[in-house]
Amino acid sequence: MTMTIRHHLTDELIMAYSAGTLPEAVSLAVATHLSLCDECRAALQAHEAVGGSVLEGSDPVAVSDACLKGALALIRTAPAPDPVRPAPDPVLPAPLQDYVGGSLSDVAWRSAGMGVRQAVLKTEDSATARLLYIPAGMEMPDHGHRGMELTLVLQGAFRDAGGYFGRGDIEIAFEDTQHTPVAEGSVDCICLAVTDAPLKFSGLLPRLAQPFLKI
Ligand code: ZN
Ligand code: ZN
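Within every chain, residues take consecutive numbers counted from 1 along the sequence as written. Chains and ligands are labelled by the order in which they are written, letters from A for the one and numbers from 1 for the other. Local features in this predicted model are restricted to residues of pLDDT 70 or higher, and side-chain atom pairs are both shown and tallied only at a pLDDT of 80 or more, whereas totals for entire chains, interfaces and linings draw on every residue. Values shown for side chains rest on all heavy atoms present in the structure; no hydrogens or waters enter the calculation.

### Looking at the environment of Glu 184
Move 1: Only DSSP runs of H or I with at least four residues qualify as helices, and only runs of E with at least two residues qualify as strands; both kinds are numbered from the N terminus onward. You can see Glu 184 is positioned in strand β9 (residues 182-184).
Move 2: Throughout, exposure labels follow a simple rule: accessible area from a 1.4 Å probe, protein chains only, divided by the maximum for the residue type, with under 20% read as buried, over 50% as exposed, and the rest as partly exposed. Overall, the relative accessible area of 29% leaves Glu 184 in the partly exposed class.
Move 3: C-alpha separation for the pair Glu 184 and Asp 160, spaced 24 residues apart in sequence, amounts to 9.8 Å.

Pasting the structure below:
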């Protein structure tokens, strides 16, 4: 399937993903973009090839017998991968299907008002991953950020000062980003949004709703 992706991961995110240092929710957003984007997958592979050659070039370190036995025992007791994979979903890429436990119809949506729905995915607490369902044409409340926010489009599109974001595009917002995303086109927008700190809303109503929506 060919798809034009215009907004990609940063090198920093790709390297941190490869090193395994990202919070689970951020890692999920990166893995989901990688599953849709040949360009970033190639960048990850190039990065890992360089990392591998650095390892090969370094002097071997003697490992004790006990350490080796421990590692082998861990490998043997590791749980077998689940053989039952859910059927592919046209909207949710495989990394997300694992979190939803199936397809788009299995998402446990909760109303966030004005036709907007959200489903918070179960990850470690250090960052929050949620699926957002935004009716076509809907304007999201103007907001700023206390940390990083990754927004990955899965269906439909949105536009803000950062440009146009369609399926596969990822917007990376930081503390200096203030934006008002609008769901564009005739198709309702579904995206994965990951935040590592609460948002800063300028309007009173969203601020009042914020504790209930955990956003
Ligand atoms: Zn990409
Ligand atoms: Zn934002």
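Picking up where we left off.
### Some words on helix α6 (residues 204-213)
Move 1: Judged by how many residues are buried, α6 sits mostly at the surface: 1 of 10 residues are covered.
Move 2: Once α6 finishes, Lys 214 follows within two positions and takes phi at roughly 55°, a positive value.

### A few points about a nonpolar patch on the surface
Move 1: Nonpolar side chains (Val, Leu, Ile, Met, Phe, Trp, Tyr) are joined into patches within 5 Å and like charges within 9 Å, using only residues with over 30% relative accessible area and no salt bridge. For the area figures, the Shrake-Rupley method with a 1.4 Å probe applies, and any residue is considered shielded solely by the protein chains shown. Should a side-chain nitrogen of Lys or Arg be within 4 Å of a carboxyl oxygen of Asp or Glu, the pair is scored as a salt bridge. A cluster of nonpolar side chains, Leu 204, Leu 205 and Leu 208, forms an exposed patch at the surface whose accessible area comes to about 350 Å².
Move 2: Inspection of the secondary structure puts Leu 205 in helix α6.
Move 3: A relative accessible area of 67% places Leu 205 in the exposed class.

### Considering the coordination of the zinc ion (ligand 2)
Any two of four tetrahedral donors ideally make an angle of 109.5 degrees at the metal, while pairs among six octahedral donors ideally make 90 or 180 degrees.
Move 1: Listed donors are limited to N, O and S atoms within 2.8 Å of the metal, widened to 3.2 Å for Na, K and Ca; water is not among them, so incomplete-looking sites are possible. For the zinc ion (ligand 2), every protein donor is listed as His 143 (NE2), His 145 (NE2), Glu 149 (OE), Glu 149 (OE) and His 179 (NE2), and the spread of their distances is 1.9 to 2.8 Å.
Move 2: For the zinc ion (ligand 2), the single-chain donor residues occur in sequence as H-x1-H-x3-E-x29-H. Taken together, the residues span a long stretch of sequence, with Glu 149 in strand β5 (residues 149-155) and His 179 in the loop between β8 (170-173) and β9 at a distance of 30 residues.
Move 3: Assessed through its relative accessible area of 4%, His 179 is described here as buried.

These values are about where atoms sit, not about what they do.
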